Amino acid sequence: MSLFPLFLKLTARPCLVVGAGAIAEGKIAALLESEATVTVVAPQADPRVEEWAASGEITLLRREYQTSDVEGMFLVVAGTNVPPVNRAVYAAATERGILCNAVDDPPYCDFYFPSIVRRGELQIAISTAGESPAFAQQLRKELNEQLPKDLGPWLMELGRLRREVTAVEPLGEPRKMLLHQLAKREVCGAQDCPTRMIAREHMASIKRVS
Ligand SMILES: C[C@@]1(CC(=O)O)c2cc3[nH]c(cc4nc(cc5[nH]c(cc(n2)[C@H]1CCC(=O)O)[C@@](C)(CC(=O)O)[C@@H]5CCC(=O)O)C(CC(=O)O)=C4CCC(=O)O)c(CCC(=O)O)c3CC(=O)O
Ligand SMILES: NC(=O)C1=CN([C@@H]2O[C@H](COP(=O)(O)OP(=O)(O)OC[C@H]3O[C@@H](n4cnc5c(N)ncnc54)[C@H](O)[C@@H]3O)[C@@H](O)[C@H]2O)C=CC1
């Protein structure tokens, strides 16, 4: 199987989660993290899901799923403990061209959830295409141990510098080389960091010329 990897922008996109137990809860948390507009339908909801509903972070429909729930959705996750329900959700979504994941039921998934290592805006998503979710999880833990803890703030600063550079330096080889230089991670303070000094000098020389 050859899966296509991508990172979706879900901000304000309507997403449906069917089920509100332990498994659904993790999916809802991930969708909220991506700023999706989340509707959950389930007769029984775990406490954390009830909290999200009470604080207005999600819309919770306290009843059994019905086919029309998928109407207008961008993405659907079927995470009940009743496989035939999950499969019916998948069928309804598919009929309407909506992507769906029936949790832990690969033939009824248009996409799989990856294992994620995260540092701020940096995300490393691991997929084994369902060959071994346990291995995906173990690799996540290994990478998490190895990656520096402060990569998130460092990347934010790098992004800010990159925007400064791209605002003044036109597209081309010198700009590319400078950005590669900046992206080399040095263990040093922000002010005396050689890559930042290079950037500062370069920006100053651009200003002197113009
Ligand atoms: C295909 C996929 C579809 C999907 O659900 O998206 C799927 C399917 C199945 N998982 C099963 C079992 C387990 N899943 C986990 C854990 C995770 N499973 C996740 C994703 C995926 N799981 C998708 C493929 C991902 C990939 O391989 O790249 C992760 C990465 C993300 C997430 O779930 O959000 C998350 C780790 C997150 C993390 O910690 O980083 C563990 C580990 C544990 O629980 O300790 C076990 C037990 C050990 C084992 O089985 O390996 C079973 C058998 C169920 C049964 O026994 O009946 C099936 C069904 C089947 O294989 O047929
Ligand atoms: N909990 C776990 O650690 C694992 C669970 N799974 C599988 O994931 C699935 C879900 O597990 P849990 O979240 O633990 O189950 P759960 O029992 O905690 O929650 C099930 C949820 O589905 C809802 N539901 C049931 N019928 C429904 C319907 N007709 N319409 C809408 N909602 C409905 C319930 O109200 C409840 O909110 C199960 O198939 C389980 O086998 C797989 C691996 C691990």
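Here is what the cut-offs are and how they apply
Residues numbered from 1 in each chain as written. Chains lettered and ligands numbered in written order. Predicted model: local features only at pLDDT ≥ 70, side-chain atom pairs only at ≥ 80, totals over all residues. Heavy atoms only, no water. Near = heavy atom within 4 Å. Polar contact = N/O pair within 3.5 Å; in protein donor to acceptor, adjacent residues only side chain to side chain. Areas by Shrake-Rupley, 256 points an atom, 1.4 Å probe, with all protein chains shown as cover. Nonpolar A, V, L, I, M, F, W, Y, C, P; charged D, E, K, R; others polar. Domains from an automatic or database assignment. Salt bridge = Lys/Arg side-chain N within 4 Å of Asp/Glu carboxyl O. Buried < 20%, exposed > 50% of the residue type's maximum accessible area, 1.4 Å probe, protein only. Helix = DSSP H or I, 4+ residues; strand = E, 2+ residues; numbered from the N terminus. Pairing = 2+ DSSP bridges. Axes fitted to C-alpha atoms, helices over the stretch in contact; angles between N-to-C directions. Contact = heavy atoms within 4.5 Å. UniProt positions renumbered as here; feature names shortened; annotations may be inferred.

1. Let's talk about the site of ligand 1
Consideration 1: K27, S115, T128, Q137 and R140 are the nearest of the 16 residues found near ligand 1.
Consideration 2: Q137 places a polar side-chain atom, nitrogen or oxygen, 2.9 Å from an oxygen atom of ligand 1.
Consideration 3: Within the contact set of ligand 1, an oxygen atom lies 2.5 Å away from a side-chain nitrogen or oxygen of R140.
Consideration 4: In isolation ligand 1 offers 1100 Å² of accessible surface; the protein chains occlude 61% of this area.
Consideration 5: Of the residues in the shell around ligand 1, the class split is seven nonpolar, six polar and three charged.
Consideration 6: Two domains each donate at least three residues to the shell around ligand 1, and these are domain 1 (1-113) and domain 2 (114-147).

2. Structural notes on the pattern of salt bridges
Consideration 1: Counted according to the given criterion, the structure contains eleven salt bridges.
Consideration 2: A salt bridge links D69 to R63; the shortest N-O distance between them is 2.7 Å.
Consideration 3: Of the residues examined, R63 reaches a relative accessible area of 27% and is grouped as partly exposed.
Consideration 4: The partner of R87 in a salt bridge is D105, with the nearest N and O atoms 2.8 Å apart. Residue R87 is found in helix α3 (residues 83-95), and its partner D105 is found in the loop between β5 (99-102) and β6 (115-119); the two are separated by 18 residues along the sequence.
Consideration 5: You can call D105 buried: its relative accessible area is 11%.
Consideration 6: Look at the salt bridges and you will find they share partners, linking E71, E95 and R96 into a network.

3. Comments concerning the sheet that holds strand β3 (residues 58-61)
Consideration 1: With parallel pairing, five strands are arranged side by side in an open sheet as β3-β2-β1-β4-β5. In the strand order of this sheet, the two ends are held by β3 and β5, each with one partner. Recorded for the sheet is a direction-independent mean angle of 15° between the axes of neighbouring strands.
Consideration 2: Direction of pairing for strand β4 (residues 75-78) relative to β5: parallel, over a ladder of four bridges. Within β5, the position partnered with V77 by the bridge is N101.

4. Some points on the side chain of T39
Consideration 1: Along the chain, T39 falls in strand β2 (residues 37-41).
Consideration 2: Apart from residues lying up to four places away in sequence, T39 is in contact with C15, L16, V17, T59, L61 and M73.

5. Some words on the UniProt feature "domain: Siroheme synthase central" (unreviewed entry) in the chain
Consideration 1: As annotated in UniProt, the feature "domain: Siroheme synthase central" (unreviewed entry) corresponds to residues 119-145 in the numbering used here.
Consideration 2: Measuring from the first to the last C-alpha atom of residues 119-145 gives 12 Å, for a span that is 48% helix and 22% strand.

6. Examining the site of ligand 2
Consideration 1: Contacts to ligand 2 come from 18 residues, most closely from A20, I23, Q44, Y65 and D104.
Consideration 2: Between ligand 2 and the protein, one listed contact pairs an oxygen atom with a backbone N or O atom of G21 at 3.4 Å.
Consideration 3: Coverage of ligand 2 by the protein chains reaches 65% of its 840 Å² of free accessible surface.
Consideration 4: Here the residues of the shell around ligand 2 are counted per class, giving ten nonpolar, six polar and two charged.

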